[in-house]
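One letter stands for each residue in the lines below.
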Amino acid sequence: MDEVTYYGNGSLICHIWSNLLSNAIKFSPDYGKITIVLKRREGGIYFSVADEGEGVKEEEIKHIFNKFYQSDTSRKQEGNGLGLAIVKKITDTYGGEVSVENALPRGCKFTVRLPET
């Protein structure tokens with residue numbers, strides 16, 4: 001990982017990291033691998049978390065950052081569908097963005113870009 005210094009509200013930034021990491025853990029199989037990458041590139045700071053879970057159905061990707069949306073209904077007792085909506089709101093507030101893509105052969109990867117401060 002690159003050494004990165006970012007100036008922002010610590011609890012908001014921490015919420016982004018903890019939500020993405022806890023989701024990766026929750027949706028990974030036992031003994032699955034979680035990959036975390038932090039890079040500084042032109043255009044900002046990039047943080048990604050990839051897991052080896054089932055991934056996200058293509059038709060659900062467009063809804064995944066909506067409030068109360070849960071793609072895995074079998075896990076409704078484990079959350080309220082607000083985590084990713086809050087992550088999106090925080091990244092938008094900082095002028096950044098968050099995206100999700102399915103990682104092949106399985107799993108998904110969330111990437112957050114925050115502009116350098």
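Going by the structure above, here's the rest.
The shown structure was predicted, so the numbers you read here are calculated from the model rather than taken from an experiment.

One recurring pattern in soluble globular proteins is that nonpolar side chains are buried together. Counting residues in each nonpolar core, the largest one holds 21 residues, and the members touching the most others are Ile-16, Leu-20, Ile-64, Phe-65, Val-100 and Phe-110. Secondary-structure elements contributing two or more residues to this core are helix H1 (10-27), strand E2 (44-50), helix H3 (83-93), strand E3 (97-102) and strand E4 (108-114). In this structure Phe-65 touches Leu-84, Ala-85, Lys-88, Val-98, Ser-99, Val-100 and Phe-110, once residues within four positions along its chain are discounted.

Once that is clear, we can look at the sheet that holds E4. With antiparallel pairing, four strands are arranged side by side in an open sheet as E1-E2-E4-E3. Whereas interior strands pair on both sides, the edge strands pair on one side only; in this sheet they are strand E1 (35-41) and E3. Averaged over neighbouring strand pairs, the angle between their axes works out to 15° when direction is ignored. Sheet topology places E1 next to E2; seven bridges connect them, and they run antiparallel. The residue bridging Lys-39 from the neighbouring strand is Tyr-46, located in E2. Contacts between H1 and the sheet are confined to E1, E2 and E4, with E4 contributing the most and set at about 170° to the helix. Most of the contacts of H3 go to E3, to which it runs at about 135°, and overall it touches E3 and E4.

This part covers the environment of Ile-64. Counting through the fold element by element, Ile-64 comes out in the loop between helix H2 (58-61) and H3. Along the sequence, Ile-64 and Lys-88 sit 24 residues apart, while their C-alpha atoms lie 10.0 Å from each other.

It is worth spelling out H3 at this point. The α-helix winds at 3.6 residues per turn, so residues separated by three or four positions along the chain end up facing the same way. Considered for burial, the residues of H3 that qualify are Gly-83, Leu-84, Ala-85, Val-87, Ile-90 and Thr-91. Gly-95, located one to two residues past H3, shows a positive phi value of around 80°.

This part is about the side chain of Asp-51. Within the element layout of this structure, Asp-51 appears in the loop between E2 and H2. Buried within the structure, Asp-51 lacks any salt-bridge partner; its nearest side chain of opposite charge belongs to Arg-106, at an N-O separation of 7.4 Å. Polar contacts involving the side chain of Asp-51 include one to the main-chain amide nitrogen of Gly-53, which spans 2.9 Å. In contact with Asp-51, other than residues within four places in its own chain, are Ala-24, Ser-28, Lys-33, Ile-34, Arg-106, Gly-107 and Cys-108.

Here is what the cut-offs are and how they apply
Residues numbered from 1 in each chain as written. Predicted model: local features only at pLDDT ≥ 70, side-chain atom pairs only at ≥ 80, totals over all residues. Heavy atoms only, no water. Core = buried A, V, L, I, M, F, W, Y, C linked by side-chain atoms within 4.5 Å. Buried < 20%, exposed > 50% of the residue type's maximum accessible area, 1.4 Å probe, protein only. Helix = DSSP H or I, 4+ residues; strand = E, 2+ residues; numbered from the N terminus. Contact = heavy atoms within 4.5 Å. Pairing = 2+ DSSP bridges. Axes fitted to C-alpha atoms, helices over the stretch in contact; angles between N-to-C directions. Lys, Arg positive; Asp, Glu negative; His and termini not counted. Salt bridge = Lys/Arg side-chain N within 4 Å of Asp/Glu carboxyl O. Polar contact = N/O pair within 3.5 Å; in protein donor to acceptor, adjacent residues only side chain to side chain.

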